[in-house]
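# Architecture and fold: a report
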Amino acid sequence: MSFSKGDAQKGAGIFKTRCAQCHTLGSGEPHKVGPNLHGVFGRKSGQAEGFSYTAANINKGVEWGTQTMFEYLENPKKYIPGTKMAFAGLKKAKDRNDLITYMEEATK
């Protein structure tokens with residue numbers, strides 16, 4: 001299964017309820033338990049400046065794009081064994097599409 005454009009407004013709601021407790025999106029916003037995600041698309045895993053990542057996340061070396069994020073968000077611990085991200089994932093492809101569509105816009 002692959003990423004396809006979703007509903008950014010629905011994605012904003014998913015981010016608010018499932019992601020915002022650990023992540024920020026805006027430029028210059030602080031890291032929380034998880035890293036600030038501004039500029040994440042096009043960046044390699046484990047590379048947000050000033051955030052302490054697990055070796056597993058750094059060593060994965062994946063470049064974040066819509067497809068890699070789509071695969072990761074289904075089951076983060078399976079995609080990057082050893083990650084400290086305590087999120088079970090979004091099983092529904094539609095939810096991942098909506099969230100990633102929102103994140104693409106919000107992290108530029």
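Residue numbering note: each chain is counted from 1, following its sequence as written. The predicted origin of the model limits local features to residues at a pLDDT of at least 70 and limits the giving and counting of side-chain atom pairs to 80 or more, whereas totals for whole chains, interfaces and linings rest on all residues. To obtain the side-chain values, all non-hydrogen atoms of the structure were used and water was disregarded.

### With respect to the environment of Tyr 79
Examined against the element boundaries, Tyr 79 turns out to sit in helix α4 (residues 76-79). For Tyr 79, a relative accessible area of 15% translates into the label buried. In sequence terms Tyr 79 and Asn 57 are 22 residues apart; their C-alpha atoms lie 9.8 Å from each other. Residues are treated as being in contact if the distance between any of their heavy atoms lies within 4.5 Å. Leave out the neighbours within four places in its chain, and Tyr 79 touches Lys 60, Val 62, Trp 64, Thr 68, Glu 71 and Tyr 72. Secondary structure elements are taken from DSSP: a helix is a run of H or I of four residues or more, a strand is a run of E of two residues or more, and numbering for both begins at the N terminus. Only protein chains enter the accessibility calculation, which uses a 1.4 Å probe; a residue whose area is less than 20% of its type maximum is buried, one above 50% is exposed, and one in between is partly exposed.

### Some details on helix α1 (residues 8-19)
Among the residues making up α1, those that are buried are Ala 8, Gly 11, Ile 14, Phe 15 and Cys 19. Along the axis of α1, the buried positions cluster into a sector of 105°, meaning they face one direction only. Along α1, the residues that are exposed and aim more than 90 degrees away from the buried face are Gln 9, Lys 16 and Thr 17. Where α1 is buried, its residues meet α5 (93-106). Backbone nitrogen of Gln 9 and a side-chain oxygen of the N-cap are separated by 2.9 Å at the start of α1; the cap is Asp 7. Think of the arc as the fan of directions from the helix axis to the C-beta atoms. Two N or O atoms count as a polar contact when they lie within 3.5 Å, although within protein this holds only if one can serve as hydrogen donor and the other as acceptor, and sequence-adjacent residues are included solely when both atoms are side-chain atoms.

### So, the UniProt feature "domain: Cytochrome c" (unreviewed entry) in the chain
The UniProt record annotates "domain: Cytochrome c" (unreviewed entry) at residues 6-107. For residues 6-107, the helix share is 44%, the strand share is 0%, and the end-to-end C-alpha distance is 16 Å. UniProt positions are given in the numbering used here, feature names are shortened, and annotations may be inferred rather than shown by experiment.

### Quick word on the packing of aromatic side chains
The pairing test for Phe, Tyr and Trp rings, Trp by its six-membered ring, is centres within 6.5 Å, and the orientation test on the planes gives stacked under 30 degrees, edge-to-face over 60, and tilted for anything in between. Here the structure, examined in full by the defined rule, presents 5 aromatic pairs. Centre to centre, the rings of Phe 15 and Tyr 102 are 6.0 Å apart; their planes meet at 50°, and the pair counts as tilted. Linking Phe 15 in helix α1 with Tyr 102 in helix α5, this pair joins segments that are 87 residues apart in sequence. For the pair Trp 64 and Tyr 72, a centre-to-centre distance of 4.9 Å together with 55° between the ring planes defines the contact as tilted. Looking at Trp 64, the relative accessible area reads 7%, which means it is buried.

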